[in-house]
Amino acid sequence: MDFDLPESALAVREGVAAVAARYDHAYWSRCEEEHRFPQEVFDDLGNGGWFGLCVPEEYGGGGQGLLELAVANMTLCASGGVAGTFFYVTTPGFGAMTLTRHGTDEQKQRILPGLADGSVQFCLALTEPDAGSNAIEIRTAARRDGDEFVIKGQKTWISNVENADWMVAVTRTIPAAETRERGLPRTAGFTLFLVDVAQARAEGTLSYTPIPKMGSNILHSSQVFLDDVRVPAANVIGEVDAGFAVLWDVLNPERILAASGGVGTADAALQIACDYARTREVFGRPIGANQGLQFPLAQIKAKAELGRLMTYHAAWLFDQGRPCGNEANVAKLTGAQVGWEAANQAFQTLGGMAYSKEYPVERIFRDARIAKNIPVAEELVLAHIGTQMLGLPRSY
């Protein structure tokens, strides 16, 4: 179902599908087993310009928007590269979209061409050990020192730092306690920086430790330590102390891209489940003829189409420069839920064989579960819907 997608998005889907078709489920499962970055896929996508979709044409990109990026991610995930969502969130999302909207001319000229051709990778450093969904309370501090800022703090669950050339580091230039004392808004005092990861690592001021985890091991998720990282003032994204406005333009695309990954995951899981249900015979007929299996799959298909539509709508609003926070949250909630439900039902459809690594279901099952917790917990999304869309009292 295309929902009258523009020609640009349809062309993206066809092009990414052609790349994805070169890599089967067995390839993605090997990368997961080996904890190996799927460099071949990344190179193919980069060479085809699929990471530069939302980079303006004057910097070598495709001049498209978040809608096309969401379609690309959904297509990759539907092919079986479920964990590939991180490709589109980290580099085009955190990097290209953030700089296109909020970067200086110098920042754009310096970095966007590499994002467009796939030679530059990004990561985002927001979450901290004591500030996950409650980003207001982050403690990583940046202090001015002449023409530079010095960043000190710790981040956690940072994806792709091992491959990243640049990090978008979210810091406090006014501590949270001071904003309260001065009667400033809760969102005051945030500043976002471009951190040259290679340089900081070479200087010994940035280090990271991967976190062992149950799935999505094609990329590390790491604790990151920022020990007096020096960053030129020219690397501020947006304005000093006013970075939260920039951060929303990071977080809303992240949620929309996560939603597209969830819907793509559902597509992949449904394909596997239905292929098996058509051919597996028990008691003289295909198990897919049994309504006990057929109806749950049909229900999930309906939810996937609704999630697809909501994701496209949220991305379209973002591209139009219109408010999209509510839609991004609804899309993220729906995409995460249907991705998990589809993986869970595929597991049930295959029965005991789902537990075998002969089939990719166990990998998709593990990858799909985390989407209910990141990039924002399901409970916080529901709280947003309850307070911002239904007008109910705050619980936090």
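Residues numbered from 1 in each chain as written. Predicted model: local features only at pLDDT ≥ 70, side-chain atom pairs only at ≥ 80, totals over all residues. Heavy atoms only, no water.

Undergrad: Hey, could you go over empty space enclosed by the protein for me, with residue numbers and the actual values?
TA: Inspection of every chain in the model, using the stated rule, returns one cavity of 30 Å³ or more. The volume enclosed by the largest cavity comes to roughly 30 Å³. In this structure, the largest cavity is lined by Trp-28, Glu-32, Gly-80, Gly-81, Val-82, Ala-83, Ile-218, Arg-363 and Asp-367. Elements that contribute at least two residues to the lining of the largest cavity include exactly helix H2 (25-34) and helix H12 (361-369). The residue makeup of the lining of the largest cavity, split by class, is four nonpolar, two polar and three charged. (1 Å grid on protein atoms, 1.4 Å probe; cavity = no way out; pocket = protein on both sides within 12 Å on 5 of 7 lines; lining within 4 Å. Points joined across faces, edges and corners; volume = space filled by probe spheres on them. Helix = DSSP H or I, 4+ residues; strand = E, 2+ residues; numbered from the N terminus. Nonpolar A, V, L, I, M, F, W, Y, C, P; charged D, E, K, R; others polar.)

Undergrad: Talk me through the pairing of strand E5 (residues 190-196); I want residue IDs and the actual numbers.
TA: With six of seven residues buried, E5 is to be regarded as a mostly interior element. Of the strand pairs in this sheet, strand E4 (residues 166-172) and E5 are connected by seven bridges, and their pairing is antiparallel. Residue pairing in the sheet places Ala-169 in a bridge with Phe-193 of E5. (Buried < 20%, exposed > 50% of the residue type's maximum accessible area, 1.4 Å probe, protein only. Pairing = 2+ DSSP bridges.)

Undergrad: Describe in detail the packing of aromatic side chains, supporting the description with residues and values.
TA: Tallied over the full model, the rule gives twelve aromatic pairs. Considering the side-chain rings of Tyr-23 and Tyr-27, the 4.9 Å spacing of their centres and the 55° angle between planes classify their relative orientation as tilted. Each member of the pair, Tyr-23 together with Tyr-27, is buried. Members of the aromatic cluster, each reached through a chain of ring pairs, are Phe-37, Phe-42, Phe-51 and Tyr-88. Arg-101 extends its terminal NZ or CZ atom over the ring of Phe-318, reaching a point 3.8 Å from the ring centre. The ring of Trp-340 has Arg-369 sitting right over it, with the charged end atom 5.7 Å from the ring centre. (Phe/Tyr/Trp six-rings, centres within 6.5 Å; stacked < 30°, edge-to-face > 60°. Lys NZ or Arg CZ within 6 Å of the ring centre and 35° of its normal.)

Undergrad: Tell me what's going on with the packing of helix H11 (residues 325-350) against helix H13 (residues 378-389), and back it up with residues and numbers.
TA: The relative placement of two packed helices is expressed as an angle between their axes plus a distance between the axes. Interaxial distance between H11 and H13 falls to 10 Å at its minimum, and their mutual angle equals 145°. For H11 against H13, the interelement crossing comes out left-handed. Here Gly-325, Asn-326, Asn-329, Val-330, Lys-332, Leu-333 and Gln-337 of H11 lie close against H13, whose contacting residues are Glu-378, Val-381, Leu-382, His-384, Ile-385, Gln-388 and Met-389. Taken together, the residues that form the contact of H11 with H13 break down as six nonpolar, six polar and two charged. (Axes fitted to C-alpha atoms, helices over the stretch in contact; angles between N-to-C directions. Left-handed = near helix turned anticlockwise from the far one by under 90°. Contact = heavy atoms within 4.5 Å.)

Undergrad: Give a description of helix H1 (residues 7-20) that names residues and reports values.
TA: With 14 residues, H1 should cover 20 Å at 1.5 Å per step; its first-to-last C-alpha distance of 20 Å lies within 8% of that length. On the buried face of H1, the contacting elements are helix H3 (39-47), helix H4 (66-78) and helix H5 (85-102). (Expected span 1.5 Å × (residues − 1).)

Undergrad: Run through helix H9 (residues 244-279), naming residues and quoting values.
TA: Between the first and last C-alpha of H9 there are 53 Å, a value that for 36 residues agrees with the 52 Å anticipated at 1.5 Å per step. Counting buried positions over the 36 residues of H9 gives 29, a clear majority of the element.

Undergrad: Requested: an account of the pairing of strand E3 (residues 148-159), with residues and values cited.
TA: It is a general feature of regular strands that their side chains alternate between the two faces of the sheet. Bridge count for strand E2 (residues 141-145) against E3 is five bridges, and the pairing is antiparallel. For Ala-141, the partnering residue across the bridge sits in E3 and is Lys-152. Counted between consecutive antiparallel strands, the loop separating E2 from E3 contains two residues, among which Gly-146 sits at a positive phi close to 65°. Here E3 pairs with strand E7 (residues 221-232) via ten bridges, running antiparallel. Its bridge partner being in E7, Glu-148 is matched across the sheet by Pro-232.

Undergrad: Let's hear about the environment of Gly-93: which residues, and what values?
TA: Structurally, the position occupied by Gly-93 is in helix H5. What makes Gly-93 buried here is its relative accessible area of 5%. Sequence separation between Gly-93 and Cys-123 is 30 residues, and the spatial gap between their C-alpha atoms is 9.4 Å. Discounting residues that sit within four places of it in the chain, Gly-93 has contacts with Leu-69, Tyr-88, Thr-98 and Leu-257.

Undergrad: Any chance you could break down the pattern of salt bridges for me, citing the residues and the numbers?
TA: Once the charged atoms of two side chains with opposite charge are near each other, the side chains can pair. Counted by the stated rule, this structure contains 21 salt bridges. For the salt bridge of Glu-148 with Arg-230, the shortest nitrogen-to-oxygen distance reads 2.7 Å. Of this pair, Glu-148 sits in strand E3 while Arg-230 is found in strand E7, placing the two residues 82 residues apart along the sequence. The exposure class assigned to Glu-148 is partly exposed, which follows from its relative accessible area of 27%. (Salt bridge = Lys/Arg side-chain N within 4 Å of Asp/Glu carboxyl O.)

Undergrad: Any details on the packing of H4 against H5? Residues and values, ideally.
TA: In contact at an axis separation of 9 Å, H4 and H5 are set at 165° when each is read in the N-to-C sense. Accordingly, the angle class assigned to the pair H4 and H5 is roughly antiparallel. Of the two elements, H4 crosses H5, and the hand of that crossing is right-handed. Of the residues in H5, those touching H4 at Leu-66, Leu-69, Ala-72, Asn-73, Leu-76 and Cys-77 are Thr-85, Phe-87, Tyr-88, Pro-92, Gly-93 and Met-97. Of the residues in the contact of H4 with H5, the class split is nine nonpolar, three polar and no charged. (Parallel < 35°, antiparallel > 145°, perpendicular 65-115°, else oblique.)

Undergrad: Pulling in residues and values, what's your account of the nonpolar core?
TA: Counting 75 residues, the largest nonpolar core has Leu-45, Leu-76, Phe-87, Tyr-88, Leu-115 and Phe-122 as the members making the most contacts within it. Ranked by residues supplied to this core, first place goes to H9 with nine residues. Once residues lying within four places of it in the same chain are set aside, the contact partners of Leu-45 are Val-16, Val-19, Trp-50, Phe-51, Leu-76, Phe-87 and Tyr-88. (Core = buried A, V, L, I, M, F, W, Y, C linked by side-chain atoms within 4.5 Å.)

Undergrad: Tell me about unusual backbone geometry, residues and numbers included.
TA: Cis rather than trans, the peptide bond between Ile-374 and Pro-375 has omega equal to 0°. By the secondary structure assignment, Pro-375 is in the loop between H12 and H13.

By themselves, these observations are geometric and do not establish any function.
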